[in-house]
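Structural overview
Spelled out from the first residue to the last, the chains are:
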Number of protein chains: 2
Amino acid sequence: MYIEKIDSPKDLKDLSIEQLSVLADEVRAGVLNRVSNHGGHVGPNLGFTEATVALHYVFNAPEDKIVFDISHQSYPHKMLTGRKEGFLDVSKINSISGYSSPLESPEYDNFEIGHTSTSVALASGLIKGRDILGGTENVIAVIGDGSLSGGEAFEGLDTVGELGTNAIIIVNDNEMSIAENHGGLYGHLRELRESKGLCANNYFKTLGFDYTYLEEGNDVGKLIEAFQKVKDIDHPIVVHIHTEKGHGYAPAVADKESWHWNFPFNLEDGSPKKQRGSGEYIPQMLGKWLFEETKRDPKLVCISAGVPAILGFNEEIRTKMGKQHIDVGIAEEEAVALASGMAKRGAHPVFTTHATFMQRTYDQLCQDLAVNGNPAVINVTGSSIYGMNDFTHICFFDIPMISHIPNLVYLAPTTYEELIAMESWAIRQEQYSVAIRVPEYGAHHAKEPVDTDYSDLNKFKVAHRGNTVAVVAAGDFYQKGEAVVKALQTDGIDATLINPRYLSGIDEALLEDLKKDHQLVATIEDGSLDGGFGERIARFYGPSDVKVLCFGVKKQLYDRYDVEEVLRENHLTDEQIVEDIKRIIK
Amino acid sequence: MYIEKIDSPKDLKDLSIEQLSVLADEVRAGVLNRVSNHGGHVGPNLGFTEATVALHYVFNAPEDKIVFDISHQSYPHKMLTGRKEGFLDVSKINSISGYSSPLESPEYDNFEIGHTSTSVALASGLIKGRDILGGTENVIAVIGDGSLSGGEAFEGLDTVGELGTNAIIIVNDNEMSIAENHGGLYGHLRELRESKGLCANNYFKTLGFDYTYLEEGNDVGKLIEAFQKVKDIDHPIVVHIHTEKGHGYAPAVADKESWHWNFPFNLEDGSPKKQRGSGEYIPQMLGKWLFEETKRDPKLVCISAGVPAILGFNEEIRTKMGKQHIDVGIAEEEAVALASGMAKRGAHPVFTTHATFMQRTYDQLCQDLAVNGNPAVINVTGSSIYGMNDFTHICFFDIPMISHIPNLVYLAPTTYEELIAMESWAIRQEQYSVAIRVPEYGAHHAKEPVDTDYSDLNKFKVAHRGNTVAVVAAGDFYQKGEAVVKALQTDGIDATLINPRYLSGIDEALLEDLKKDHQLVATIEDGSLDGGFGERIARFYGPSDVKVLCFGVKKQLYDRYDVEEVLRENHLTDEQIVEDIKRIIK
């Protein structure tokens, strides 16, 4: 085993090409060991194993800087830069994250990375910084073909193409995004592959780059040759390598989309280690409903931005939806502008993506959509403390982001039925731009019929009118509000329970009315306290005698946290909320 | 005069090419009449006059849909679509806005537009909507060469290039952005122009477009011919036309950058109608300081995103700064990622742009910058009720946008000296990602020495310790706080005055201490109440007996408002604030 002796890239330098090829296989086995036991990104890492070995053989990290895009392909790099135990030793998997992270390896990882299309832009800074400080190191940005669809990748390339100094862009072309690629550029990449990079028309050259192509992107020897040719180059160059997603593991090659990321599986045949939970999961239920709705409403078009799986839109369903589904690639800005334009033209567009990726669309939500008031529907998924918990994938800062945008309605359904009612209304109405926070935590069902019309904005729903204390609990933490009110009842407090439904405004008449017989209003939200909906209520009652207690989480960075711990630290368990309330009204 | 008879594009249809050329000159005169009297975008409109006449001659708006990019070139379109009085009649200029606006013309303007690089993306929605609904109209997106540097333009092109149906993109290439163009793409556009579009390498073709080039972009007859060839085309095509920015007005041709937008001027020679105010304006003073600082600090690099004029960085200063200034084109996402990368490498990057354009960088501020904690400096300009007041250019929603991003420090200096002190500290420190809200309103100077170290985060500054009432007044509304405290003094109330300095957090120890002898805390900010810094203070005091009054403006869309009126409506005059405070503590 060569891998056992590799503690840093320096340990690769004396190996022969043959030995490096064996090492690549060992690295592949390490990747498979990790993902089969722990889950994680499979295909992108397997396809970039040889290239990573070659990169670390040719270049001298950490002096030379390698920047990964989205870092779905950084596992082999981690194995070669002192973190192999996270791959070879099952008991140590959790010590290593699934993404590029300077917190984990200040020496070898240059950035915390988890969003697509950033590598070239971030590398442009390393390049400009190097040039200003008189450095001489190579700066290498790795970017997948899928990530090229993002606007930031274009902006980065356009800038680097003009810098005129050493810049090496490795385009890792595995003919796939997470799902298939979308965009006119992909026909062109095929043309480049088919002509072995020789066709006259060349995207990268139009942006100012020198260019070279390597067909054998999984051949360590050929890769080394290609990288040696560009090492210490004095101008920007794109090295376009053709790799195979999932290379070396048959199941991952056979079904590249399913194996982009996978749950733990049996190595022999790729079968899942555990049967996936058959429980209800609202985003997938929404996907099913939307699919059925496309049959009923010919104007309805579901928009994805590279991650159709969020709604369970697999290849079969996408094919069935035909023209009523459009995937724009990893291009969230385009997705929102597209939705706005479609709504303007009279179609019924629904764009869905995770809150962390929706961050890309802040300006488009404001300008392209809300300023125009076009009646598109934006589904925001993953927004919960119970959602994805990787450093770069936190989704519970969506309320500060979205709820303060003028002329944008932000709804927070509390049950599946309320979600579908809001969705139906939002799709059909022609008055408002509407965003909907899809419940992520739990799969609750309405106990009573839900309203069908939400055009009377900011009208909160009173589920129970009590006195002294009012609990306003939003979205998928509404049931927490129910539990709190129930617990208070046993303490003899007949608390009011309110489902606010709207995150983008307050029901002033109702809040005013509560002043009559309430001492305290408690707000509960599954997200950030700072900029959250609770603060708006605190402001409303600021000049009055009514006290306000806001429950939510602290503004800070979060990484692979324990949910229960975060809840406790933020006084978000049912018991803590009850105690805090009782302390105020004692 | 033909223009007198043009009330809609239908009135053009019977004119001959010669008559249309005369009409174009009349339109040009109308544009000049407006901008010379009122100020506005000069060069872009003059250069697109002939193309607009040709577009409306060949295509049938409003059935055919024309989408303008940023709409700096939409004046001629307005003149031909029923709004000529805003150009010909000086008394009616204010009835017409400077941007594309369905509120103004629901028939002929498809979107409210004021940010760059959106036209193709918005048009993609009109195209997809048309195709879903079975329409047959032409969809035409106009985009300038400068706007091509924005990621959203790329994403839009990449999507449209694949739609496979009628889509006509007019690339209006005047060889200029607002200032000169930046990015590798621009060398390529030159190549296209020099080869008359015949070079094999072609950016637009790489994205899936058919392509045609017209050198004579200011020749009505040639333009009509070119547009007629693509009318009703069944696939996406780029019509690349070479125009002259400022065409037909010598001063605007001679100095294209200064004449992109101009204040009112004398038509004979282009001299300004009024001498520009010689008063101090802090963003320009900051620019001067930064320029001087580049001489003292060789690591300092000032980053612009297409609008170097914000800091007064004219061509002479940019040349003097040399490598210590970089303009990335209209590519704000890249600008933030570049800054993060440079800071990581040890340089001292400072990126400056208006708050409304900073919206483009929400995800980059979060992910590329703050998650990494790289010590770059982000200057946010224009953020004030007193700033730009066009519908799409409102800058006072920056506090909700920026202040809730985890791990990003947002500072609000109150005077020029405090700004420079914060700037100096932020540039030199290596601990935090720092954004600074550059004072837009007034040019105040510190009366006492300002602090030089801001690393003790969220430490508010108590200017005067009184009792009963505390006024926390942020940034360029600090002086309003001073006035309020002074007025309260005359009423016998010795109010505490606090400069919060930090918009991204609160000074809990100080706020706790105020509870001892204060009944009311009033917050004043030059921006949105919703998601503003006042709400965070309202939440802090929510469970206590201290009352809170937040002063700021209502969340809503704003357009060409009267500042004093907005202040009054929002109870933001000094007198109203004093009254409201007195009403509470009575």
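Residues numbered from 1 in each chain as written. Chains lettered and ligands numbered in written order. Predicted model: local features only at pLDDT ≥ 70, side-chain atom pairs only at ≥ 80, totals over all residues. Heavy atoms only, no water.

This part takes up the nonpolar core. Ile169(A), Tyr203(A), Phe204(A), Ile169(B), Tyr203(B) and Phe204(B) are the most contacted members of the largest nonpolar core, which totals 175 residues. Contact partners of Phe204(A), with chain neighbours within four places excluded, come to Leu148(A), Leu157(A), Val171(A), Leu189(A), Leu192(A), Phe209(A), Tyr211(A) and Val238(A). (Core = buried A, V, L, I, M, F, W, Y, C linked by side-chain atoms within 4.5 Å. Buried < 20%, exposed > 50% of the residue type's maximum accessible area, 1.4 Å probe, protein only. Contact = heavy atoms within 4.5 Å.)

The next point concerns helix α23 (residues 574–585) of chain A. Taking 1.5 Å of rise per residue, 12 residues should cover 16 Å, and α23(A) covers 17 Å from first to last C-alpha, within 8% of that figure. Contacts from the buried residues of α23(A) go to β15 (468–473), α19 (478–490), β17 (518–528), β18 (547–553) and α22 (563–569) of chain A. (Helix = DSSP H or I, 4+ residues; strand = E, 2+ residues; numbered from the N terminus. Expected span 1.5 Å × (residues − 1).)

Tallying each qualifying case throughout the model produces 41 aromatic pairs over all chains. Here Phe204(A) and Tyr211(A) contribute two aromatic rings whose centre-to-centre distance is 6.0 Å and whose plane-to-plane angle is 10°, an arrangement assigned as stacked. Like Tyr211(A), Phe204(A) is buried. Residues Phe396(B) and Tyr558(B) carry aromatic rings whose centres are separated by 5.1 Å and whose planes lie at 70° to one another, so their mutual orientation is edge-to-face. With Phe396(B) in the loop between β11 (377–381) and α17 (398–402) and Tyr558(B) in the loop between β18 (547–553) and α22 (563–569), this pair connects stretches of sequence that are 162 residues apart. Here the aromatic cluster, defined as three or more aromatic residues joined through ring pairs, consists of Phe154(A), Tyr203(A), Phe204(A), Tyr211(A), Phe154(B), Tyr203(B), Phe204(B) and Tyr211(B). Its end group placed over the ring of Phe87(A), Arg34(A) keeps NZ or CZ at 5.2 Å from the ring centre. Its end group placed over the ring of Phe477(B), Lys480(B) keeps NZ or CZ at 5.4 Å from the ring centre. (Phe/Tyr/Trp six-rings, centres within 6.5 Å; stacked < 30°, edge-to-face > 60°. Lys NZ or Arg CZ within 6 Å of the ring centre and 35° of its normal.)

As for its placement among the helices and strands, Arg360(A) is situated in the loop between α15 (355–358) and α16 (362–370). Separated by 2.7 Å, the side chain of Arg360(A) and the backbone oxygen of Thr116(A) make a polar contact. Contacts of Arg360(A), omitting those with residues within four sequence positions, involve His115(A), Thr116(A), Ser117(A), Thr118(A), Glu152(A), Glu332(A), Glu333(A), Glu333(B), Asp363(B) and Gln364(B). (Polar contact = N/O pair within 3.5 Å; in protein donor to acceptor, adjacent residues only side chain to side chain.)

Right, let's talk about the interface of chain A and chain B for a bit. Facing 110 residues of chain A, the contacting portion of chain B comprises 110 residues. Counting the surface lost from both chain A and chain B, the interface buries some 8,800 Å², and carbon and sulfur atoms represent 57% of this. When the area that chain A buries against chain B is broken down by residue, the three leading residues are Glu155(A), Arg345(A) and Arg539(A), summing to 8%. Taken together, the connections running from chain A to chain B amount to 12 salt bridges. In this structure, the salt-bridge partner of Asp363(B) is Arg360(A), at a minimum N-O distance of 2.8 Å. Our enumeration of links across chain A and chain B arrives at 55 residue pairs in polar contact (both at pLDDT 80 or more). (Buried area = accessible area lost by both parts, 1.4 Å probe. Salt bridge = Lys/Arg side-chain N within 4 Å of Asp/Glu carboxyl O.)

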